[in-house]
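One letter stands for each residue in the lines below.
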Amino acid sequence: DLSKISDPAKVENLTLDAKSNKIKFDLPVDLSTVGTRDKFKQLDKYVKVDKVGTISIDSVNLPALNKSATLTMKHLPFVKTPRVLVNGKEDSSVTKIISFKNGTLTFTVTHFSTFTAAPTIGINEPANNFETNNKSVTLKGTVSDPTSSVSAKLNNKNLGKLKVATNGAFQKEVDLEEGLNKLIVSALGFNLATASASISGILKEKTNFVFLYLILAFLGLVALIIIIFSLSKLRKKKPIPLETA
């Protein structure tokens, strides 16, 4: 109710608090214009704070609120600090994370757009640029949002969804292709924010040592037969008599 504000042209510590999110403006806000007062009567049309992990203000239609602020996102499912996206992209010039604890993320913004808490995802095994003779490897990794839908691809072939543990860990046995292999894991968060990670490595043709040993043994046997045959022929030759004077 703006009519109860003593000085609507200079509102200090303006706070918009909801169940899922909170916005606290760092600078005084001018709410004195007729247009701003009219829009405050239908504030939920321009300010979106009702969804977990997403805060948005239509600063084009409500420019009075396009100021620096401290934002708090509540009830987040992350097991470690999430990323903050600005209109779908990371931009450290706009946001700065203050803290993350017990599912509550606090960060500052320099102006308003749409801010989304996004997962992080990483591949722990195998290491990037791996080389192996084994036709399969165990893909292991972690995602910061255990509620995310995680999937994997090998050389653009879909490997399906991966089961994610409550601590965010996941793993899957992967059959490699001879030569270069590129593995990509992707996460789709509860609020449709995404994350991905990739590694690549090479499957080398495994040397068949048994076959090699058999060839060497065969060649050795052939050589032995030749030697025995040659010695046998030498023994059968009659000695040449010596000439006498």
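Calculation criteria
Residues numbered from 1 in each chain as written. Predicted model: local features only at pLDDT ≥ 70, side-chain atom pairs only at ≥ 80, totals over all residues. Heavy atoms only, no water. Patch = residues over 30% accessible without salt bridge, like charges linked within 9 Å, V, L, I, M, F, W, Y side chains within 5 Å. Areas by Shrake-Rupley, 256 points an atom, 1.4 Å probe, with all protein chains shown as cover. Salt bridge = Lys/Arg side-chain N within 4 Å of Asp/Glu carboxyl O. Helix = DSSP H or I, 4+ residues; strand = E, 2+ residues; numbered from the N terminus. Buried < 20%, exposed > 50% of the residue type's maximum accessible area, 1.4 Å probe, protein only. Pairing = 2+ DSSP bridges. Axes fitted to C-alpha atoms, helices over the stretch in contact; angles between N-to-C directions. Contact = heavy atoms within 4.5 Å. Core = buried A, V, L, I, M, F, W, Y, C linked by side-chain atoms within 4.5 Å. Phe/Tyr/Trp six-rings, centres within 6.5 Å; stacked < 30°, edge-to-face > 60°.

Enquirer: Where do I start with a nonpolar patch on the surface in this structure?
Expert: Residues Tyr213, Ile215, Leu216, Phe218, Leu219, Val222 and Ile226 make up a contiguous nonpolar surface patch of about 690 Å² in total accessible area. With respect to the helices, strands and loops of the structure, Ile215 is situated in helix 2 (residues 209-236). Judged by relative accessible area, which is 35%, Ile215 ranks as partly exposed.

Enquirer: Quick question: what am I supposed to make of the sheet that holds strand 8 (residues 95-101) here?
Expert: Adjacent strands of a sheet form backbone hydrogen bonds with each other and so pair up, either parallel or antiparallel. On the basis of which strands lie adjacent, the open sheet formed by five strands has the order 1-2-5-9-8 and antiparallel pairing. Only two strands of the sheet have a single neighbouring strand rather than two, namely strand 1 (15-17) and strand 8. This sheet shows a mean twist of 10° between the axes of neighbouring strands, independent of strand direction. Alignment of strand 1 against strand 2 (residues 21-25), held across three bridges, turns out to be antiparallel. Its bridge partner being in strand 2, Leu16 is matched across the sheet by Ile23.

Enquirer: Mind showing me how you'd approach the side chain of Thr132 here?
Expert: Within the fold, Thr132 resides in strand 12 (residues 130-132). When neighbours within four sequence positions are excluded, Thr132 is seen to be in contact with Val137, Leu176, Ile202, Leu203 and Lys204.

Enquirer: Which parts of the structure should I look at to understand the nonpolar core?
Expert: When a protein is soluble and globular, its nonpolar side chains tend to lie buried together. Counting residues in hydrophobic clusters, the biggest one holds 32 residues, and the most contacted among them are Ile23, Phe25, Val47, Leu65, Leu71, Phe112 and Phe115. Apart from the residues lying within four places of it in its own chain, the contact partners of Phe112 are Ile23, Phe25, Ile55, Ile57, Ser59, Leu65, Asn66, Lys67, Ala69 and Leu71. Among the nonpolar cores identified, the runner-up in size contains 21 residues, and Val150, Leu154, Leu162 and Val174 belong to it.

Enquirer: Any chance you could explain the pairing of strand 5 (residues 69-73) here in plain terms?
Expert: Working note: regular strand, side chains alternate between the two faces of the sheet. With four of five residues buried, strand 5 lies mostly within the body of the structure. Where strand 2 and strand 5 come together, five bridges link them in antiparallel fashion. Pairing of Phe25 across the sheet is with Ala69, part of strand 5. Note: strand 5 against strand 9 (residues 104-109), five bridges, orientation antiparallel. Looking at strand 9, one finds that Leu71 is bridged to Phe107.

Enquirer: How do you make sense of the environment of Lys140 when you look at a structure like this?
Expert: Take Lys140: it is sitting in strand 13 (residues 136-143). The partly exposed category is assigned to Lys140, whose relative accessible area is 30%. Residues within four places of Lys140 in sequence aside, it is in contact with Ile123, Asn124, Glu125, Phe170 and Gln171.

Enquirer: Any chance you could explain the environment of Ile23 here in plain terms?
Expert: Relative to the helices and strands, Ile23 is located in strand 2. Sequence separation of Ile23 and Val47 is 24 residues, and the distance between their C-alpha atoms is 10.0 Å. Ignoring any residue separated from it by four or fewer positions in sequence, one finds Ile23 in contact with Leu14, Thr15, Leu16, Val47, Val49, Ile55, Ile57, Ala69, Thr70, Leu71 and Phe112.

Enquirer: Whenever I open this one, the packing of aromatic side chains confuses me. Can you help?
Expert: The description of an aromatic ring pair uses the distance of the two centres, along with the angle that the planes make with each other. All chains considered together, the criterion is met by four aromatic pairs. Aromatic pair Phe25 and Phe112: ring centres 5.7 Å apart, planes at 45°, arrangement tilted. Pair noted here: Phe25 is in strand 2 and Phe112 is in the loop between strand 9 and strand 10 (114-118), with a separation of 87 residues, a long-range link. For the pair formed by Phe25 and Phe112, the shared burial category is buried. Geometrically, the ring pair formed by Phe107 and Phe115 is edge-to-face, given 6.2 Å between the ring centres and 65° between the ring planes.

Enquirer: Where do I start with the pattern of salt bridges in this structure?
Expert: Applying the stated criterion across every chain, the model contains five salt bridges. Residue Asp17 pairs with Lys74 through a salt bridge whose shortest N-O separation is 2.9 Å. With Asp17 in strand 1 and Lys74 in the loop between strand 5 and strand 6 (83-86), the pair connects residues that are 57 residues apart, well separated along the chain. Judged by relative accessible area, Asp17 falls into the exposed class, the value being 52%. Between Lys204 and Glu131 there is a salt bridge; the shortest N-O distance is 3.0 Å. Linking Lys204 in the loop between strand 18 (194-203) and helix 2 with Glu131 in strand 12, this pair joins segments that are 73 residues apart in sequence. Look at Glu131 and you get exposed, because its relative accessible area is 52%.

Enquirer: Honestly, the sheet that holds strand 12 in this entry has me stumped. Any pointers?
Expert: Spatially, 12-18-17-14-15 is the arrangement adopted by the five strands of the open sheet, whose pairing is mixed. A single partner strand is all that each edge strand has here, and the edge strands are strand 12 and strand 15 (157-162). Taking each pair of neighbouring strands and ignoring which way they run, the sheet shows an average axis angle of 25°. The sheet contact formed by strand 14 (residues 149-154) and strand 15 spans five bridges and is antiparallel. Within strand 15, the residue paired with Val150 across the bridge is Leu162.

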